[in-house]
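Architecture at a glance
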Amino acid sequence: MQDDSPPDPETWVFLNGTFMPLREAKVPVLDRGFIFGDGIYEVVPAYAGRPFRWAEHLARLKRSLARIRIANPLSDQAWLELVRALIARHSWRDQFVYLHITRGVAKRDHAFPKDASPTVFAMSSELLPVPAVQREEGVAAVSLDDVRWLQCDIKSISLLGNVLARQAAVDGGAVECIQFRDGVMTEGSSSNIWVVKDETVTGAPLDHRILEGIRVGLIESLCAACGLTFRTSALSRQEVACANELLLSSATKEILPITRLDGHPVGSGRPGPVYARLYQAYQDAIAAA
Ligand code: PMP
C-alpha cells in the first residue's frame, strides 16, 4: 500500500519543461485540467531505476492523447528522457512516475480552445511494497454498480466515478471494489480484476467499459509461461462469486489476491495457487526486465 502522507515539498517535479521542487510547481486556475478535468495521465512503475513496460505505457499515453485530441507535446525520446531524469533525481530504489497532460490554460468555455498549449506535469513517488499482511492474507472487495461514463478505455484525469467507487469500498471496510455494468463485471476503481476457475484466468472484455491495464498484456504472457489458460469474456456476478480465486492488478499493486467479496470468503478464503504462480512469474519478469 502506498504511504498517504503528503509528499515531501522538496520532491522534484517536472512542469512545462522545467524541473523544480514540488512547492514551486504552480498551475493557473484556468487550466482546463482544473476546470474541466480535461486531460489524461499515466502511472509507470520503475524498479531499480528502470521503467517497467515503458513501451506499453508510452503507447497507452499516446492513445489517450489521440482519443481526446490533444497533440502529443513530446517525442518518444523526450518522454523517456523525462521519465529517466525524474527517476534519477530521487534516491528511492523503486518508484512510480505519474505523467499528466491537460489541454492547457484558456478562457472557460467547454469547446476546445484554438491556441492553448498542453500543460505537462510529472512527478515520482516511492513505490513501496504492498504490506506483507495483504500478500499473505489477501484483501477484501465489495461489489458495486458501475455508474461511470462509457469511455473508460481513456486514461482520463476526470476520475470522480473512480473516486466515489474507491470510497464506497473503503466505507465497506474493503481495499477495492469490483464493478458490474448491466450485470457484467468491468473493473476495480483503479485496477483490473481477474477471475480464476481451475486453470483459467479470465478478465473483462477489452472494450470501452474498462481501462486496458498494462498488466493485462503482461498477465496474458505470464499465464502462457505458467501453463494457465488466459481469456477475456463477459462475466456475471454469479461467475465472480463462484471463483476459486479473485485477483486484482495495477502498476502499484502488481498482482494481489482478493480473498473476501461482500463479506464472504472467495474460494478457500486464502490466497490461492494460481495467485502464487502468477505473482512469482511477475517478480521474475521484473528481474528479467
Ligand atoms: N483500471 C483502472 C480504472 C485503473 O485506474 C488502473 C490503474 N491505472 C487499471 C485498470 C490498471 O492499469 P495498469 O495495469 O496500467 O496500472
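What counts, and where the lines are drawn
Within every chain, residues take consecutive numbers counted from 1 along the sequence as written. A pLDDT threshold of at least 70 governs which residues receive local features in this predicted model, and a stricter bar of 80 or more applies before side-chain atom pairs are shown or counted, although totals over entire chains, interfaces and linings include all residues. Calculated side-chain values reflect all of the structure's heavy atoms, with hydrogen atoms and water omitted. By the criteria applied, helices consist of DSSP H or I runs no shorter than four residues and strands consist of E runs no shorter than two, each listed in order from the N terminus. Our radius of gyration looks at C-alpha atoms and nothing else; its globule reference is 2.2 Å times the residue count to the power 0.38. Residue burial is assigned from relative accessible area. The probe radius is 1.4 Å, only protein chains are included, and a residue is buried under 20% of its type maximum, exposed over 50%, and partly exposed in between. Note on areas: Shrake-Rupley with a 1.4 Å probe; residue coverage comes only from the protein chains shown. Positive charges come from Lys and Arg, negative ones from Asp and Glu, while His and the chain ends are left out of the count. Note on charges: their place is set at NZ of Lys, CZ of Arg, CG of Asp or CD of Glu. Contacts are assigned to residue pairs that have any heavy atoms within 4.5 Å of one another. Domain ranges listed in this record stem from an automatic or a database domain assignment. Put simply, buried area is how much 1.4 Å-probe accessible surface two parts lose in total, over both of them, once they are put together. Just to be clear on terms, a salt bridge is a Lys or Arg side-chain nitrogen sitting within 4 Å of an Asp or Glu carboxyl oxygen. Contacts described as polar in this section are N or O atom pairs within 3.5 Å, which, within protein, must combine one atom able to donate a hydrogen with one able to accept it, while residues neighboring in sequence count only if both atoms come from side chains. We call a residue near a molecule or strand whenever a single non-hydrogen atom of that residue lies within 4 Å of it. For two strands to be treated as a pair, DSSP must find no fewer than two bridges joining them. For a crossover, the right-handed case is the one in which the path from the first strand over the helix to the second runs clockwise, viewed with the strands pointing away from the viewer.

Further remarks concern the overall build of the protein. Broken down by element type, the protein carries eight helices and 15 strands. Here the C-alpha radius of gyration of the protein, 19 Å, is about what a compact globule of 289 residues would show, namely 19 Å. The dimensions of the protein, computed from C-alpha atoms along their principal axes, are 55 × 40 × 35 Å. Scored against the burial criterion, the 289 residues of the protein give a buried share of 48%. For the protein, the exposed surface amounts to about 13700 Å²; the carbon and sulfur share of it is 56%. For the protein, the distance from the average site of its 31 positive side-chain charges to the average site of its 34 negative ones is 4 Å.

Examined against the element boundaries, Asp 94 turns out to sit in the loop between helix H3 (76-88) and strand S5 (95-102). Note on Asp 94: relative accessible area 17%, which makes it buried. Sequence separation between Asp 94 and Arg 50 is 44 residues; the distance between their C-alpha atoms is 8.6 Å. Apart from residues lying up to four places away in sequence, Asp 94 is in contact with Ala 46, Tyr 47, Ala 48, Ser 125, Glu 126 and Leu 127.

A few words on the domain arrangement of the protein. Under the domain assignment used here, the protein contains domain 1 (12-126) and domain 2 (132-288). Summarising the inter-unit geometry, the C-alpha centres of domain 1 and domain 2 are found 26 Å apart. Residue-level contacts link 24 residues of domain 1 with 21 residues of domain 2. Taken over both partners, the interface formed by domain 1 and domain 2 buries close to 1900 Å², and the fraction arising from carbon and sulfur atoms is 61%. Along the contact surface separating domain 1 from domain 2 lie one salt bridge. Here Arg 67 makes a salt bridge to Asp 153, at a shortest N to O gap of 2.5 Å. Our count for the contact surface shared by domain 1 and domain 2 stands at nine residue pairs in polar contact (both at pLDDT 80 or more). Those elements that provide at least two residues to the side of domain 1 that touches domain 2 are helix H1 (32-36), strand S3 (39-47), helix H2 (54-67) and S5. Residue contributions to the side of domain 1 that touches domain 2 peak at seven residues, all from S3.

This part covers the site of the ligand. Around the ligand there are 16 residues in total, and Lys 155, Glu 187, Ile 214, Arg 215 and Ala 251 lie nearest to it. Taking Arg 215, its side chain carries an N or O atom lying 2.7 Å from an oxygen atom of the ligand. In isolation the ligand exposes 390 Å². Once the protein is present, 94% of that is buried. Elements that contribute at least two residues to the shell around the ligand include exactly helix H6 (214-226) and strand S13 (245-250).

Sheet analysis places strand S10 (residues 192-197) next to strand S11 (residues 200-203), joined by four bridges and oriented antiparallel. Across the sheet, residue Val 196 finds its bridge partner in S11, namely Val 201. Connecting S10 to the next strand, S11, in antiparallel fashion are two residues, including Asp 198 with a positive phi near 50 degrees. Regarding topology, H6 serves as the crossover connection from S11 to the parallel strand S12 (residues 229-232), and that connection is right-handed.

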